[in-house]
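Structural description and commentary
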Amino acid sequence: MGKFVVTVRKNGEFQFNLKATNGQVILTSEGYTTKAACLNGIESVRKNGPIEERYEVKEAKNGKPFFNLKATNGQVIGSSQMYASERTMKAGIASVMRNAVDSPVVEE
């Protein structure tokens, strides 16, 4: 099972990473001003993560694919890393879909 890891950035903002079972970061949030807002972001991932239509596939300027997970209102909840190929990016989406619902939250 994966896990949501909540951390504090150098600027004092909270963020979360969803990590897969192997420890790889599969989704990173934006910065939040409060811990409560960060935890709400995690709940949004739990709600929207299993829904395939919530994933927006993008291509970085360097040509590498990545994806954003969006809420029902269209706001980006989290973004993936850059992937080497479309195949590995699709595996990343599948991993978020599997891990989003019941991964525990830990603070570091």
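Report on the accompanying structure. Bear in mind the structure is a predicted one, so any value in this text is a computation, not a measurement. (Residues numbered from 1 in each chain as written. Predicted model: local features only at pLDDT ≥ 70, side-chain atom pairs only at ≥ 80, totals over all residues. Heavy atoms only, no water.)

What follows covers the overall build of the chain. A tally of regular secondary structure across the chain gives 2 helices and 7 strands. Beginning at the N terminus, the succession of helices and strands in the chain can be written as β-β-β-α-β-β-β-α-β. Taking 13 Å as the expected radius of gyration for a compact globule of 108 residues, we find that the chain reaches 13 Å, a close match to that expectation. Its C-alpha atoms put the chain at 35 × 30 × 30 Å along the principal axes. In the chain, which comprises 108 residues, the proportion classed as buried is 39%. (Helix = DSSP H or I, 4+ residues; strand = E, 2+ residues; numbered from the N terminus. Rg over C-alpha atoms; globule rule 2.2 N^0.38 Å. Buried < 20%, exposed > 50% of the residue type's maximum accessible area, 1.4 Å probe, protein only.)

Before going further, it helps to examine helix H1 (residues 35-48). Over its 14 residues, H1 runs 20 Å from end to end, which matches the ideal 20 Å to within 8%, given 1.5 Å per residue. Cys-38, Gly-41, Ile-42, Ser-44, Val-45, Arg-46 and Asn-48 are the residues of H1 that are buried. The elements touched by buried residues of H1 are strand E1 (3-8), strand E2 (14-19), strand E3 (25-29), strand E5 (65-70), strand E6 (76-79) and strand E7 (105-107). (Expected span 1.5 Å × (residues − 1). Contact = heavy atoms within 4.5 Å.)

Scanning the model with the defined rule gives 4 aromatic pairs in all. Ring centres 6.3 Å apart and planes at 15° place the aromatic pair Phe-16 and Tyr-32 in the stacked group. Of the two residues, Phe-16 sits in strand E2 while Tyr-32 sits in the loop between E3 and H1, which places them 16 residues apart along the sequence. A ring pair is formed by Tyr-55 and Phe-67, whose centres lie 5.7 Å apart and whose planes are at 70°; its orientation type is edge-to-face. Of the two residues, Tyr-55 is situated in strand E4 (residues 55-59) and Phe-67 in strand E5; the sequence distance between them amounts to 12 residues. Look at Tyr-55 and you get buried, because its relative accessible area is 11%. (Phe/Tyr/Trp six-rings, centres within 6.5 Å; stacked < 30°, edge-to-face > 60°.)

Time to look at the pattern of salt bridges. Taken as a whole and judged by the stated rule, the model has 5 salt bridges. The closest approach of N and O atoms between Arg-46 and Glu-43, which form a salt bridge, is 3.3 Å. In this pair, Arg-46 and Glu-43 are both assigned in helix H1, 3 residues apart and thus about one turn of the helix distant. In this structure Glu-43 comes out as partly exposed when scored by relative accessible area, which is 46%. A salt bridge links Glu-86 to Lys-90; the shortest N-O distance between them is 3.3 Å. Placement of both Glu-86 and Lys-90 in helix H2 (residues 86-99) is noted, with a separation of 4 residues, approximately one turn of the helix. (Salt bridge = Lys/Arg side-chain N within 4 Å of Asp/Glu carboxyl O.)

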